[in-house]
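Residues per chain are reported as follows:
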Amino acid sequence: MGFSKTYDVIIVGGGLAGLTAALHLSQEGIQTLLIEKYKYPHHKVCGEYISNEVMPYLRSLGVDPFEKGAVEISKFEISSKEGKKVTTQLPLGGFGISRYAMDLLLYDLVKERVDVTFATAERVSFQNNQFSVQTTNRDEYHGKFVLGAFGKRSLLDTTLDRKFMQQKSPWLAVKAHYAVNIPDELVALHNFEGGYCGLSHIETGAVNACYLTSYKSFKRVGSIPGFQKEIMSQNPHLKTFFEHAKLLFEKPLTISQISFEKKLPIVDHIFMIGDSAGLIHPLCGNGMAMAIHGAKLFSELFLQAFRQEQFDREDLEKAYQMKWEETFTSRLQAGRRIQKLLLHPTTAHLGLKMVQTFPSILPKIIKRTHGELLI
Ligand SMILES: Cc1cc2nc3c(=O)[nH]c(=O)nc-3n(C[C@H](O)[C@H](O)[C@H](O)COP(=O)(O)OP(=O)(O)OC[C@H]3O[C@@H](n4cnc5c(N)ncnc54)[C@H](O)[C@@H]3O)c2cc1C
């Protein structure tokens, strides 16, 4: 079945990046189609802590997570796998809200202005200055531009033959909500052998626990309950957590093959935003802010170009690539360095000792993985 309408922009993927771009572009009168695989709302594997840097921008789009009960977070605590901990004030702070609520909040605004289709995009082709996007159920959509907002790993990465898909990734992640008491204003990052676990409150009053671990460490036990008890609970803070916390999901959610390899922000004329353009290590707690920021960055450059009577696609691509790299490359590099340091027993021990002795270093490290307030 074919559809004759040609959209200005087709966005593939309706996570934070895709939904934010859909909102921004549609508010400026751009004919937009959003293609998303899953109906809303749904849970996602994520730490669910969002940096405040995106709040002014979200408010300018009419989005207020605090109306949905987002919890203000101002303190950060980090512990070594032996349980030695350091607490600091977060430079900008942030808020806790589940992806279930946050994605739905955006979608409810987007669906008023944007055509949304629930399908899996399988192929994107570019010919005669126009795109066609085919879905697995054989529908075809046409657009002048395509925005790739399909997250960390997608069928489209395979059809686009992206390099990172050829390498196996050593990481998997697990997340669930729990009933338990921790201070509201705190986001904690507790290390364990081969990984780390983030804990923070969300809008329901529950605590989200989300951890990243290497397969190597996980397969020593092989089951989630066993891993949490035998490996993660060697950290006394995680031991206390899992002993007292009541699981609120039927079972935790898991994802695997999480790749932190470099990606390109433009592939076959498709503009990539969010995790499709590059995933920052989760310990930085900045991936969602980067996804939202990426949407702003693209939308502003696109609107500027699209409003000119004649504009050059190649110029826009070059400008986007440059701006993307200027904005995000150093954050991604800092994230890689910190993750390496933290997961090596000797450097993690020394690093934590250093921040215990000189606590003012910690906010400086956090700043390197975050941006300024997005206005
Ligand atoms: C373990 C872990 C913990 C994290 N914790 C945090 C944290 O605490 N704070 C933070 O800021 N960041 C965190 N992140 C990062 C954050 O989750 C991501 O950076 C963020 O979700 C990126 O948003 P996105 O819109 O790019 O991708 P996503 O939110 O993944 O959205 C992509 C969307 O595309 C859809 N899709 C995929 N393929 C197709 C297709 N072919 N057709 C149609 N639709 C498709 C998917 O269904 C999905 O809805 C964490 C990441 C991990 C792995």
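Residue indices begin from 1 for each chain and proceed along its sequence in written order. Thresholds applied to this predicted model are a pLDDT of at least 70 for local features of residues and 80 or more for the giving and counting of side-chain atom pairs; totals over whole chains, interfaces and linings are not thresholded and use all residues. Here the side-chain values reflect all heavy atoms present in the structure, with hydrogen atoms and water set aside.

Enquirer: I would appreciate a short explanation of the overall build of the protein chain in the present structure.
Expert: Broken down by element type, the protein chain carries eleven helices and 17 strands. For a compact globule of 375 residues, the expected C-alpha radius of gyration is about 21 Å, and the protein chain comes in at 21 Å, within 12% of that figure. Burial here depends on accessible area, computed with a 1.4 Å probe over protein chains only, as a share of the maximum for the residue type. Under 20% is buried, over 50% is exposed, and the range in between is partly exposed. Looking at the protein chain as a whole, 55% of its 375 residues are labelled buried. Within the protein chain, contacts between residues separated by at least 24 positions form 72% of all contacts whose residues are at least 6 apart in sequence. Think of it this way: Lys and Arg go in the positive column, Asp and Glu in the negative one, and His and the chain ends go nowhere. Where a charge lies is defined by one atom per residue type: Lys uses NZ, Arg uses CZ, Asp uses CG and Glu uses CD. Separation between the mean location of the 44 positive side-chain charges and that of the 38 negative ones in the protein chain comes to 8 Å. We count a stretch as a helix when DSSP gives it H or I for four or more residues in a row; a strand needs E for two or more, and each element gets its number in order from the N terminus. Radius of gyration here uses only the C-alpha atoms, and the compact-globule reference equals 2.2 Å multiplied by the residue count raised to the power 0.38. The contact criterion used throughout is that any non-hydrogen atoms of two residues lie within 4.5 Å.

Enquirer: Would you mind going over helix α8 (residues 287-306) with me for this structure?
Expert: Three- or four-residue spacings in an α-helix give side chains the same orientation, since the helix completes a turn every 3.6 residues. Every helix has an expected span of 1.5 Å times one less than the residues it contains. Over its 20 residues, α8 runs 28 Å from end to end, which matches the ideal 28 Å to within 8%, given 1.5 Å per residue. Counting buried positions along α8 gives 16 out of 20 residues, so the element sits mostly inside the fold.

Enquirer: I'm lost on the packing of aromatic side chains in this one. Help?
Expert: Note on aromatic pairs: the rings of Phe, Tyr and Trp (six-membered ring only in Trp) are paired at centre separations within 6.5 Å, and the planes decide the class, stacked below 30 degrees, edge-to-face beyond 60, tilted for the rest. Counting across every chain of the model gives 24 aromatic pairs. The interplanar angle of 45 degrees and the centroid separation of 6.2 Å between the aromatic rings of Phe 145 and Phe 271 together place this pair among those described as tilted. Remark: Phe 271 occurs in strand β17 (residues 270-272) and Phe 145 occurs in strand β9 (residues 140-148); sequence separation between them is 126 residues. Given the relative accessible area of 3%, Phe 145 is considered buried. On the basis of relative accessibility, which here comes to 0%, the residue Phe 271 falls in the buried class.

Enquirer: Which parts of the structure should I look at to understand the site of the ligand?
Expert: What makes a residue near a molecule or strand is one non-hydrogen atom of that residue sitting within 4 Å of it. The ligand sits among 33 residues. The nearest are Glu 36, Gly 47, Tyr 49, Arg 99 and Asp 275. Contacts described as polar in this section are N or O atom pairs within 3.5 Å, which, within protein, must combine one atom able to donate a hydrogen with one able to accept it, while residues neighboring in sequence count only if both atoms come from side chains. Within the side chain of Glu 36, a nitrogen or oxygen atom sits 2.8 Å from an oxygen atom of the ligand. At 3.4 Å, a backbone N or O of Glu 48 approaches an oxygen atom of the ligand. We get accessible surface area from the Shrake-Rupley algorithm with a probe of 1.4 Å; when it comes to residues, only the shown protein chains can shield them. Isolated, the ligand exposes 1,000 Å² of accessible area, and the fraction of that covered by the protein chains is 95%. Of all the secondary structure elements, the ones that give two or more residues to the shell around the ligand are α1 (16-27), β2 (32-36) and α8. Considering every element that reaches the shell around the ligand, the biggest residue donor is α8, with three residues. Residues are sorted three ways: Asp, Glu, Lys and Arg are charged, Ala, Val, Leu, Ile, Met, Phe, Trp, Tyr, Cys and Pro are nonpolar, and all the rest, Gly among them, are polar. Split into classes, the residues belonging to the shell around the ligand amount to 16 nonpolar, eleven polar and six charged.

Enquirer: In this structure, what is going on with the pattern of salt bridges? I would like to understand it.
Expert: Two side chains of opposite charge can pair, provided their charged atoms sit close to one another. Here, a salt bridge means any side-chain nitrogen of Lys or Arg that lies within 4 Å of a carboxyl oxygen of Asp or Glu. Applying the stated criterion across every chain, the model contains 18 salt bridges. Residue Glu 82 is joined to Lys 81 by a salt bridge in which the shortest nitrogen-to-oxygen separation is 3.7 Å. Lys 81 sits in the partly exposed class, given a relative accessible area of 28%. Beyond isolated ion pairs, a larger network of salt bridges with shared partners links Lys 44, Arg 99 and Asp 103.

Enquirer: Looking at this structure, I do not really get the layout of surface pockets. What am I missing?
Expert: In this analysis, the protein atoms alone were mapped onto a 1 Å grid. Cavities are point sets where a 1.4 Å probe fits without being able to get out; pockets are open sets with protein on both sides within 12 Å along at least five of seven lines; lining residues have an atom within 4 Å of a point. Grid points are joined across faces, edges and corners, and a volume is the space filled by probe spheres set on the points. Here the second largest pocket defines a volume of roughly 390 Å³. Per-element accounting of the lining of the second largest pocket gives the leading share, six residues, to helix α9 (residues 313-343). Of the residues belonging to the lining of the second largest pocket, the class tally is nine nonpolar, four polar and seven charged.

Enquirer: Please clarify how the environment of Thr 254 should be interpreted in this entry.
Expert: Summarising the element assignment, Thr 254 is placed in strand β15 (residues 253-256). Expressed as a C-alpha distance, the spacing of Thr 254 and Val 355, which sit 101 residues apart in the sequence, is 32 Å. Not counting residues up to four positions away in its chain, the partners in contact with Thr 254 are Val 45, Ala 173, Val 174 and Ile 224.

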